[in-house]
Amino acid sequence: MARILFVEDETTLQKTLSTTLVGAGFEVENAYDGEAGLALAKKKKPDLVLLDLILPKMDGFSVLAELKKDSELKDVPVIVLTNLEAVEDVERVIELGATTYLVKANYDLPEIVAKIREILGK
């Protein structure tokens, strides 16, 4: 069973998507701020990280940069799931090593699950 770390401070989305992912057969770890997300990634070694960019304590850009610096986590796929749509934000996360960039408003839950399955090859 693939383990997904979902780093998201919006509790409604966190609960809804986590429930959907569990129902789709994934194990889900949740973090509500960037610092907790990074710590959980180091502890749990997820198969994939779903990462918001606007987070308390440490933003998603910093979390992504730290994940990619960590020898044990650098190859873990990271899906950035955010409401930021600016081209420079997209370019920055791709440069930092994100696997893909999804704008929350443009994707429904089944599409997000499908993208995760595609990336994990499941």
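Presented here is a report on the structure given in the accompanying data block. As the structure is a prediction and not an experimental result, all values here were calculated from the model.

Right, let's talk about the overall build of the protein for a bit. Looking only at helices and strands, the protein has 5 helices and 5 strands in total. Computed over the C-alpha atoms, the radius of gyration of the protein is 13 Å, within 12% of the 14 Å expected from 2.2 N^0.38 for a compact globule of 122 residues. Along the longest, intermediate and shortest principal axes, the C-alpha atoms of the protein span 30 × 30 × 25 Å. By the burial criterion, 45% of the 122 residues in the protein qualify as buried. In the protein, of all internal contacts separated by at least 6 residues, the share reaching a separation of at least 24 is 62%. By element, 49% of the accessible surface of the protein is carried by carbon and sulfur atoms, the whole surface being about 6000 Å². Positive and negative side-chain charges of the protein, numbering 15 and 22 respectively, have mean locations separated by a distance of 8 Å.

A word on unusual backbone geometry. Although it is not a glycine, Lys45 adopts a positive phi angle of roughly 50°. What makes Lys45 partly exposed here is its relative accessible area of 35%. One non-glycine residue, Lys57, lies in positive phi territory at about 70°. Residue position: Lys57 is located in the loop between β3 (48-51) and α3 (60-69). Of the residues examined, Lys57 reaches a relative accessible area of 64% and is grouped as exposed.

Criteria and thresholds
Residues numbered from 1 in each chain as written. Predicted model: local features only at pLDDT ≥ 70, side-chain atom pairs only at ≥ 80, totals over all residues. Heavy atoms only, no water. Helix = DSSP H or I, 4+ residues; strand = E, 2+ residues; numbered from the N terminus. Rg over C-alpha atoms; globule rule 2.2 N^0.38 Å. Buried < 20%, exposed > 50% of the residue type's maximum accessible area, 1.4 Å probe, protein only. Contact = heavy atoms within 4.5 Å. Areas by Shrake-Rupley, 256 points an atom, 1.4 Å probe, with all protein chains shown as cover. Lys, Arg positive; Asp, Glu negative; His and termini not counted. Charge placed at Lys NZ, Arg CZ, Asp CG, Glu CD.

None of this, on its own, says anything about what the molecule does.
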